[in-house]
Amino acid sequence: MDTVFIGEQLLPGKLGQFFVVLSFGTALLATLAYYFDSIKDQNDGSWRKIARFAFALNFLAVIGIGSSLFYIIYNHLFEYHYAWAHSSRSLPVYYIISSFWEGQEGSFWLWTFWQSILGLVLLFRAKSWESPVMTVVMLSQVFLASMLLGVEILGIRVGSSPFILLREAMDAPVFSRPDYLSLIADGNGLNPLLQNYWMVIHPPTLFMGFAAMIIPFAFAIAGLWQKRYEDWIKVALPWSLFAVMVLGAGIIMGSFWAYEALNFGGFWAWDPVENASLIPWLTLIAAVHVMLAYKNSGQAYFTSVFLALISFVLVLYASFLTRSGILGEASVHSFTDLGMFWQLYLYIAAFKLIAIGLIWARWKSLPFSKKEEETYSREFWLFIGAVILVLACLQILATTSIPVFNRIFGTEIAPPTEVVAHYNKWQINFAIITAIISGFTQYLKYKKSEPTQFYRQVLRALLISAIATVLTGYVCGIYTNVGYMLLTFAALFSVIANMHILYEAIKGKWKLAGSALAHVGFGLLLIGAMVAAATNKVISINTSGIGFGDAFAKDNNPRENIILYENEPVTMDQYTVTYLGDSTSGPNTYYRVNYKVIDQKTGQTTEEFDLYPNAQQNAKMRQIIASPDTRHYLWKDIYTHVSSVPLKEEKEHEAHEGHTDEEDYGKPVVYQVKPGDSIRVRDAIIRVKSVNRQAKIQNIPLSKGDLSVALNLEVLAGKKTYQVEPAFLIKGNNSYDFGKTIDELGMKLRFTNILPKEDKLELSIYQKPKAEKNWIVMKAIMFPYINLFWAGAIIMTIGFLLSIFRRNKELKIN
Amino acid sequence: MKKSSIIGLIIIAVSIGVIISVYADSSTYGDFNDAKASETECYVSGNLDLQKSMVYNPQVDANYFSFYMKDKGGKVCKVVFFGTKPQDFEKSENIVLTGKMVGDEFHASKMLMKCPSKYNKDQVEVKATSAT
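The shown structure was predicted, so the numbers you read here are calculated from the model rather than taken from an experiment.

Asker: Mind laying out the overall build of chain A, listing which residues take part and the relevant values?
Answerer: Counting secondary structure elements, chain A contains 22 helices and 24 strands. Dimensions of chain A along its principal axes, counting C-alpha atoms only, are 125 × 85 × 50 Å. Going through the 814 residues of chain A one by one, you find that 46% of them count as buried. Taking as baseline every contact in chain A between residues at least 6 positions apart, the subset at least 24 positions apart corresponds to 68%.

Asker: Give me the sheet that holds strand S21 (residues 740-742) of chain A: which residues, what numbers.
Answerer: All names here are of chain A. Pairing within the open sheet is antiparallel, and its four strands lie in the order S14-S23-S22-S21. The open sheet has two edge strands with one neighbour each: strand S14 (669-673) and S21. Averaged over neighbouring strand pairs, the angle between their axes works out to 25° when direction is ignored.

Asker: Could you give an account of the pairing of strand S9 (residues 605-611) of chain A, naming the residues involved and the relevant values?
Answerer: All names here are of chain A. Pairing of strand S8 (residues 588-598) with S9, which is carried by six bridges, proceeds in the antiparallel orientation. Residue Val597 lies in a different strand from S9, and its bridge partner there is Glu607. Taken together, S8 and the strand that follows it, S9, pair antiparallel across an intervening segment of six residues, in which Gly603 is found at a positive phi of about 75°.

Asker: Quick rundown of the pairing of strand S19 (residues 727-731) of chain A? Include the residues and the values.
Answerer: All names here are of chain A. Bridge count for strand S17 (residues 707-717) against S19 is four bridges, and the pairing is antiparallel. What sits directly across from Ala710, in S19, is Ala727. Relative to strand S20 (residues 734-738), S19 runs antiparallel, the two being bridged by five bridges. Looking across to S20, one finds that Ile730 is bridged to Ser735. In sequence, S19 turns back onto S20 through a hairpin of two residues, with Gly732 there showing a positive phi of about 65°.

Asker: Any chance you could break down the nonpolar core for me, citing the residues and the numbers?
Answerer: Within the largest apolar cluster, 222 residues are counted, with the highest numbers of intra-cluster contacts made by A:Phe217 and A:Val290. The dominant element in this core, judged by the number of residues it contributes, is helix H10 (residues 231-261) of chain A, at 19 residues. If we ignore the near neighbours within four places in the chain, the residues touching A:Val290 are A:Ala300, A:Thr303, A:Ser304, A:Leu307, A:Leu382, A:Phe383 and A:Ala386. Membership of the second largest hydrophobic core comes to 22 residues, among which are B:Ala35, B:Tyr43, B:Val44 and B:Ala108.

Asker: Describe the domain arrangement of chain A, with residues and values.
Answerer: Here chain A is partitioned into domain 1 (1-190), domain 2 (233-415), domain 3 (550-648 + 774-783) and domain 4 (667-693 + 706-768). Once you take the C-alpha centre of each, domain 3 of chain A and domain 4 of chain A turn out to be 36 Å apart.

Asker: Before we move on, can you summarise the packing of helix H6 (residues 130-147) of chain A against helix H9 (residues 214-225) of chain A with the specific residues and values?
Answerer: Helix-helix packing: each pair is described by the crossing angle between the helix axes and the interaxial distance. Residue and element names in this part refer to chain A. H9 packs onto H6 with a crossing angle of 130° between their chain directions and a minimal axis gap of 8 Å. With respect to their mutual orientation, H6 and H9 come out oblique. You can see that H6 and H9 cross each other, and the crossing is right-handed. Residues Pro132, Val133, Val136, Val137 and Ser140 of H6 pack against Ile214, Phe217, Ala218, Phe219, Ile221, Ala222 and Trp225 of H9. Here the contact of H6 with H9 is composed, by residue class, of eleven nonpolar, one polar and no charged.

Conventions and cut-offs
- Residues numbered from 1 in each chain as written.
- Chains lettered and ligands numbered in written order.
- Predicted model: local features only at pLDDT ≥ 70, side-chain atom pairs only at ≥ 80, totals over all residues.
- Helix = DSSP H or I, 4+ residues; strand = E, 2+ residues; numbered from the N terminus.
- Buried ≥ 20, exposed ≤ 12 C-beta atoms within 10 Å, placed from the backbone.
- Contact = placed C-beta atoms within 7 Å.
- Pairing = 2+ DSSP bridges.
- Axes fitted to C-alpha atoms, helices over the stretch in contact; angles between N-to-C directions.
- Core = buried A, V, L, I, M, F, W, Y, C linked by C-beta atoms within 7 Å.
- Domains from an automatic or database assignment.
- Parallel < 35°, antiparallel > 145°, perpendicular 65-115°, else oblique.
- Left-handed = near helix turned anticlockwise from the far one by under 90°.
- Nonpolar A, V, L, I, M, F, W, Y, C, P; charged D, E, K, R; others polar.

Here it is as structure tokens:
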């Protein structure tokens, strides 16, 4: 079957596939060469030369894969499955970048890419550590490269190549045509939720963090392997801080993306995918602390090794969870399963076995400390802090791994139904203890401290925090909850103690600034997260609709969504909210929602802003994908998203035959009126002013005996007044009426009869049903003090950065 | 007792607590009969019954959505969700509900839908062209 297909560009794919195979081969060669150099197979450095050459080739191959794939996506070569599945012609360039890593293959590439870059840095900086450390890094590179191979070895498909052709990936009759490509109009496009600026930089940052996690692991392995048990910690410290900083920034960016682009109304949901990246971050933070303890006191050696090793294994476990398809129904946003379950499993198993094997082999010669730590010593509490963090991880890990337990034991346990409450009730305690320890440990010295001085300083900080807690509790309105108050107290204590250190740092001890700043940031982050999560308030509470009594509403129906009709203001909390219409830009429909604060006494508008929550309407799929819009204040956010809107296609129904005007309106309400009457209808008042007995009707000449009467009506709706004159005509033996419509109100008024007996006139009022008016159903949430969370995260990241500089400087001095 | 032993004991105690908590808070996947029997929050999965009516009337109540679902055992039950109706709801192939039975109605607090997503469908959309 040699069909010649028209229009296919096969070169970029072939080139890309060549680079994939090259990257695998060179990674393998580099691993072996570095291995032989590490065990001093030859002493002339020839293995190292080969290894470096292989590494350089590997680096180029990785760049080559990325360039080929980018060329394919950028030029919309839909003959390739990856381009077809993840991009479309209408995507702007910056989203083409995000579509690059929407799929598993692209994100694996991102990981290899960062690992290559970091490898390059190690090549120049690691000096005597280069060979053993790079052996481990390149072994990981071998595994990652294998994920992209997409070739069959002994009947087993290894990896998934991004360069597979559409016609190879799928089976459809269209592919039997040589000109099939001309029939494929466009790609599937990027998931609209990922079309957000944060999605351009969040994945690269996160994967840089994942890639950096291998370096502490590799140093720990190298230390055990080369029996340089103690040296590695000093060298690995700045790298560990780097990994912690980048991964932390990546996680926070993801959280910010969720807050800005998803409509679950929050910044953290304890989703398995979120947890999976949080766990290794926490264990590596614990590792950093015990590494410091060891460096300064010789204690906690094994804990340092263990945590540095387990952190990377947990990174691999995280990618296993999100990529193997094992989460199944437990998570909404894991990757689609590419059938790489065992390959991913092998990756974890290999690194786990290397770690366990080496510890086993070296156990007897490890430098365990013989004596116990002093209670009044910094190293002891650094160790305890690390233990608490590990326990916190254990709890997250246990619940997140429920699908894994199900798979192992064949059980069918479901995750907790109240998942957030389940995690929170544990994590709040861990957070309280961690914060307290991170506060008072600042006043302890390594080896041994003087208790009296320690207590004096701690007591002072405790006193200040107690006062600050009372104030915060009152201002934020959380004083009724003991747990919240304790966490606030603990976090404020940490902030205040570390501010004290920061003050010392500014006075001259500059090297203390990094850790103090990181801890201040952490404390603020805790307070911000807790206050925003605990006191956020849905302000769009629906007060209309069927009532079931307050108790029922509270238990069962939170009524968190409210319907807004166009131009009809509704009061929500302190805001007067009006939906002012929509506009379309590209695939998005923006709903303009106006918020006003009106002073009760003066009636003046003191504040006004518009929010534009949007929804991607996909008429074909009959779905909307809504993204919120948020008004940011310094101390609170007003977050708004639409939860239901009329579908566009439904609104435009064409006029067809037999379709009368009346069909648009509901059943008329008939009133018998006389001048001076007023009638209250849905959103207007109609006043009957007078009767005009000399009404003239256009184009109809009146003859003798004909009667033409008009009703002079005044319609008041809001601040507007409309004057209309529906008329009634008797011509010959027939009667006619000439109704008037007020389009803006969706109202039609007909003068339908004269009732001489009652001395009344008959007025029929037609109103369009409300649905015909434009509406949106929306939800608005107020998040108080959420900026503390973001600010804390930024301060913490800066703190990490300063610490990296400090620890790096220490390396040079020694 | 040495400090390390105390720490060890605390670690073991918390670990046991974690395991018990996972077990205690974990839920079950079941059907409507299980939900009725247990009277607690649980997961029920099934398919949308398109034969029966689906009610979402934002003009009347923007937070009331009801439909009928057929569980894995084939039992059809009315489901009430106090929120808005997801727009592509009719297309969902499989629904996982979190909630509990209240009388003969299942009150859902959360819904997770598996849709034949645009993003992993295995169909190629072909441009409409005249036959060549």
